[in-house]
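Report on the structure
Below, each chain spelled out in residue letters.
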Protein chains: 2
Amino acid sequence: MERTRVTIEDVAAAAGVSVATVSRALRGLPNVAMSTRAHISAVASDLHYVADPMATRLATGRSRTIGCVVPLLGGWYFAQVVAGVEAVCAEAGFDLIVQSAGSAERLSDLANDAPTLQRRVDGLVMVDYALTDDNVAAFRTAGIEVVSVGAATGGFCTVGIDDAAVGEMAAQHLIELGHARIGLIGSTRTEPFRFAVPELRASGFRIALANAGIDHDPHLFADGNFSVGGGAEAMTSLLAMSSPPTAVFALSDEMAFGARRAAERAGLDIPGDISLLGVDDHELAALFDLTTVAQDPSAVGVSAARQLIARVDSEHNDDVHVVDRVVLPTRLVERGTTGPVHSA
Amino acid sequence: MERTRVTIEDVAAAAGVSVATVSRALRGLPNVAMSTRAHISAVASDLHYVADPMATRLATGRSRTIGCVVPLLGGWYFAQVVAGVEAVCAEAGFDLIVQSAGSAERLSDLANDAPTLQRRVDGLVMVDYALTDDNVAAFRTAGIEVVSVGAATGGFCTVGIDDAAVGEMAAQHLIELGHARIGLIGSTRTEPFRFAVPELRASGFRIALANAGIDHDPHLFADGNFSVGGGAEAMTSLLAMSSPPTAVFALSDEMAFGARRAAERAGLDIPGDISLLGVDDHELAALFDLTTVAQDPSAVGVSAARQLIARVDSEHNDDVHVVDRVVLPTRLVERGTTGPVHSA
DNA sequence: TTGAAAGCGCTAACAG
DNA sequence: CTGTTAGCGCTTTCAA
């Protein structure tokens with residue numbers, strides 16, 4: 001068990017060359033004789049030499065680390081995204097720092113910390129945030145590369161799905177089944193996360209209805225706060241209406257789970273009495289036999305991380321087509337919670 | 001927008017003192033005149049000076065970063081643990097690096113990387129791993145502080161729950177309801193995660209049965225692989241027995257969800273025909289009205305992170321009682337899936 | 001193709 | 001109480 005670190009100087013001495021040559025040789029830089037390179041490599045592995053990351057980082061100014069900021073660790077969606085980001089980092093040899101910022105204040109703290117952040121990470125994946133101009137300016141002047149996940153913000157590269165299309169697909173499916181009175185379970189919260197998402201999905205949904213000549217009763221909306229419990233409450237309030245909907249579109253599967261339970265508790269048959277449709281294809285959606293518009297959040301994380309790493313690391317420049325916006329596919333997964341409208 | 005970093009030298013020059021004094025003053029070290037300290041602080045914040053983390057890390061050899069290694073990012077349990085760890089890191093001013101290692105090979109890769117890992121993190125939280133002697137040796141000789149989550153391994157500080165007690169509580173509850181033929185849905189996988197957990201829970205369960213004078217039919221076991229689908233299959237096979245159980249204990253809520261669905265599909269009433277009990281108190285357990293033995297994985301993460309940080313950072317030495325083993329509470333949450341046995 | 005030497009920005013003895 | 005001076009370990013001109 002060696003007690004002292006073996007440094008580049010040790011290798012240089014043992015190989016009978018200068019540290020500069022060792023540095024070049026080991027990093028595969030040009031202008032090193034084949035023989036010297038081989039010799040140095042041998043000596044280095046012999047000594048179990050590995051370059052000290054901190055020294056390298058200080059000298060180069062790059063950390064081979066990216067950060068991923070999410071509103072909430074531990075939620076299904078965010079956990080999937082982070083998993084995707086991590087997978088890419090692991091394969092690219094990057095470290096991944098995760099931070100959660102669940103409020104606009106915490107987000108600003110982070111932005112104010114941009115100067116030191118810049119030294120700790122080469123870039124940031126910001127998941128589902130609405131960045132203020134100040135936030136954006138802070139990251140920009142600190143020189144931190146940012147890729148955003150979700151709706152576009154701050155003029156950064158954005159990867160996500162087409163949320164309006166999600167709403168359209170949902171509406172379309174329900175319309176085809178003959179539904180006209182369709183309830184919507186969404187959210188009116190805009191701080192700090194998923195800000196534009198509910199509105200985008202809802203608007204796509206409304207547009208599709210309008211295109212079909214159906215005018216949507218704005219009262220058929222209930223706030224489910226993107227939670228299971230909220231979904232249940234929302235469904236309950238929808239069912240309490242004098243003229244309840246024949247179908248309900250929940251903007252997330254978790255809200256749909258709650259909604260389903262509430263409907264069952266109310267003695268309703270699904271889809272006999274009321275159809276239900278969610279978004280996500282959560283891992284438990286199949287179990288609930290929930291029809292849903294599927295997305296793949298881990299693929300979003302993968303794509304975002306690739307875009308980011310391609311921008312900050314010249315070695316990975318060509319791993320991916322660097323673009324300003326990548327839109328990942330969604331698709332309707334028909335299961336058992338939607339069916340033809342029951343004519344009264 | 002300043003283009004060049006402001007260094008400690010700039011501050012020293014502007015304040016008319018030496019860099020050493022600036023360093024001491026800003027870090028709150030003793031032996032600095034009150035007046036000088038105040039002056040330096042003023043100048044520093046005036047210049048928006050912040051110490052470069054990388055330079056500090058190289059000079060001190062400490063990174064104020066901890067790592068968290070999990071078998072699988074994106075699973076409910078692990079996401080909760082990571083969330084707890086992150087919360088503590090954020091409040092202690094530590095960065096958190098997350099890595100997933102889903103196989104024994106990836107785990108060994110990580111251990112082999114211990115020398116550079118040691119420079120990048122001050123310590124590691126290893127979640128639900130069975131560390132080999134080689135792994136342990138690698139971390140030890142690299143001087144990486146480790147706290148393990150789950151069952152004890154490698155002689156490191158361990159934080160977790162009493163899994164045997166979990167099994168006992170479950171058995172006890174079912175016994176009190178009069179059940180004697182109780183099925184067990186568990187897992188026989190041991191690599192690389194949750195290794196000892198299923199066995200510990202199962203053994204506690206069996207011991208409680210034995211103490212109650214019930215001899216447990218070993219055929220009443222089915223492998224659910226800790227997944228929803230696996231739980232469903234396991235339940236199906238249990239129900240296919242010539243003499244099926246009157247109650248089933250699933251070693252995790254997710255398996256219980258699947259089991260519940262399978263039972264319902266088979267036309268059985270819960271708890272009328274068969275009782276069902278899980279472990280975790282997953283966020284969706286209430287929705288399924290599932291009786292379960294609750295644990296709080298994010299609290300586990302919090303506790304583990306505190307133990308680790310107290311060990312690696314003298315400033316946080318007293319934040320927590322440093323011990324070798326912390327056991328967090330679990331409790332039975334009675335809901336609607338368990339009921340008295342139906343005498344035939 | 002290789003080496004010498006000047007950083008990168010901070011900390012930590014050691015003097016004074 | 002404060003300043004001087006070596007490092008920390010690697011990268012990167014600039015010469016040779």
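For the structure given in this document, a descriptive report is provided here. Just so you know, the residues in each chain are numbered from 1, in the order the chain's sequence is written. Each chain gets a letter, beginning with A, and each ligand a number, beginning with 1, in the order they are written. This being a predicted model, a pLDDT of at least 70 is required before a residue's local features are given, and a value of 80 or more before pairs of side-chain atoms are given or counted; all residues contribute to the totals for chains, interfaces and linings. The basis for every side-chain value is the complete set of non-hydrogen atoms in the structure, without hydrogens or water.

**Here's the deal with the packing of aromatic side chains**
Think of a pair of aromatic rings as described by two things: how far the centres are apart, and how the planes are tilted against each other in angle. Two aromatic rings from Phe, Tyr or Trp, using only the six-membered ring of Trp, form a pair when their centres are within 6.5 Å; if the ring planes differ by under 30 degrees the pair is stacked, by over 60 it is edge-to-face, and anything between is tilted. Throughout the structure, instances matching the rule amount to seven aromatic pairs over all chains. Aromatic pair Phe257(A) and Phe288(A): ring centres 4.3 Å apart, planes at 20°, arrangement stacked. Taken together, the positions of Phe257(A) in helix 12 (residues 253–265) and Phe288(A) in the loop between strand 9 (275–280) and strand 10 (291–294) put the pair 31 residues apart, joining distant regions of the chain. Accessibility assignment for this pair places Phe257(A) and Phe288(A) in one class, buried. Summarising the aromatic geometry, the rings of Tyr77(B) and Phe78(B) are spaced 5.2 Å apart at their centres and angled 80° between planes, so their arrangement reads as edge-to-face. Exposed residues in this analysis have more than 50% of their type's maximum accessible area, buried residues have under 20%, and partly exposed residues fall in between, with area computed by a 1.4 Å probe over protein chains only. According to the relative accessible area criterion, Tyr77(B) is buried, its value standing at 10%. Pairwise contacts between aromatic rings join Phe257(A), Phe288(A), Phe257(B) and Phe288(B) into one cluster. Secondary structure elements follow DSSP: runs of H or I no shorter than four residues count as helices, runs of E no shorter than two count as strands, and numbering proceeds from the N terminus.

**Digging into the sheet that holds strand 12 (residues 331–333) of chain A**
In any sheet, the strands associate via hydrogen bonds between backbone groups, in a parallel or an antiparallel arrangement. Residue and element names in this part refer to chain A. Should DSSP find at least two bridges between two strands, the strands are regarded as paired. Taken together, six strands build an open sheet; the order of strands is 7-6-8-9-10-12 and the sheet is mixed. With one partner strand each, in any of the chains shown, strand 7 (221–223) and strand 12 form the two edges of the open sheet. Put simply, the sheet's adjacent strands are angled 20° from each other on average, direction ignored. Where strand 8 (residues 247–250) lies against strand 9, three bridges are found, and the strand directions are parallel. By the bridge assignment, Ala247 is partnered in strand 9 with Ser275. Against the sheet, helix 9 (residues 163–176) contacts strand 6 (182–186), strand 8, strand 9, strand 10 and strand 12, and its axis sits at roughly 165° relative to strand 8. Along the sheet, helix 12 makes contact with strand 6, strand 8, strand 9 and strand 10, crossing strand 9 at roughly 155°. Note on geometry: axes are lines fitted to C-alpha atoms, helical ones only across the stretch in contact, with angles between N-to-C directions running from 0 to 180 degrees. The contact criterion used throughout is that any non-hydrogen atoms of two residues lie within 4.5 Å.

**Description of the protein's contact with DNA strand C**
When we say a residue is near a molecule or strand, we mean one of its heavy atoms is within 4 Å of it. If you check the shell around DNA strand C, you find 25 residues, and the closest are Arg24(A), Thr36(A), Ile8(B), Ser23(B) and Tyr49(B). Taken together, the sugar and phosphate atoms account for 69% of what DNA strand C places within 4 Å of the protein. Only Asp, Glu, Lys and Arg are considered charged, only Ala, Val, Leu, Ile, Met, Phe, Trp, Tyr, Cys and Pro nonpolar, and every remaining residue, Gly among them, polar. Of the residues that constitute the surface near DNA strand C, the class distribution is twelve nonpolar, eight polar and five charged.

**Details of helix 1 (residues 8–15) of chain B**
In an α-helix, one full turn covers 3.6 residues, which means residues spaced three or four apart are oriented alike. All names here are of chain B. Restricting attention to buried positions, one finds in helix 1 the residues Val11, Ala12 and Ala15. What you see down the axis of helix 1 is that its buried residues fit within an arc of 100°, all on one side. Across from the buried face of helix 1, at angles greater than 90 degrees, the exposed residues are Glu9 and Ala13. Contacts made by the buried residues of helix 1 are with helix 2 (19–27) and helix 3 (34–46). Counting of polar contacts relies on pairs of N or O atoms within 3.5 Å, with two restrictions inside protein: one atom must be capable of donating a hydrogen and the other of accepting it, and residues adjacent in sequence are counted only when both atoms are side-chain atoms. Capping of helix 1 at its N-terminal end is provided by Thr7; its side-chain oxygen lies 3.1 Å from the backbone amide nitrogen of Glu9. Directly after helix 1, the chain includes Gly16, whose backbone phi takes a positive value near 70°. Arc definition: directions from the helix axis to the C-beta atoms.

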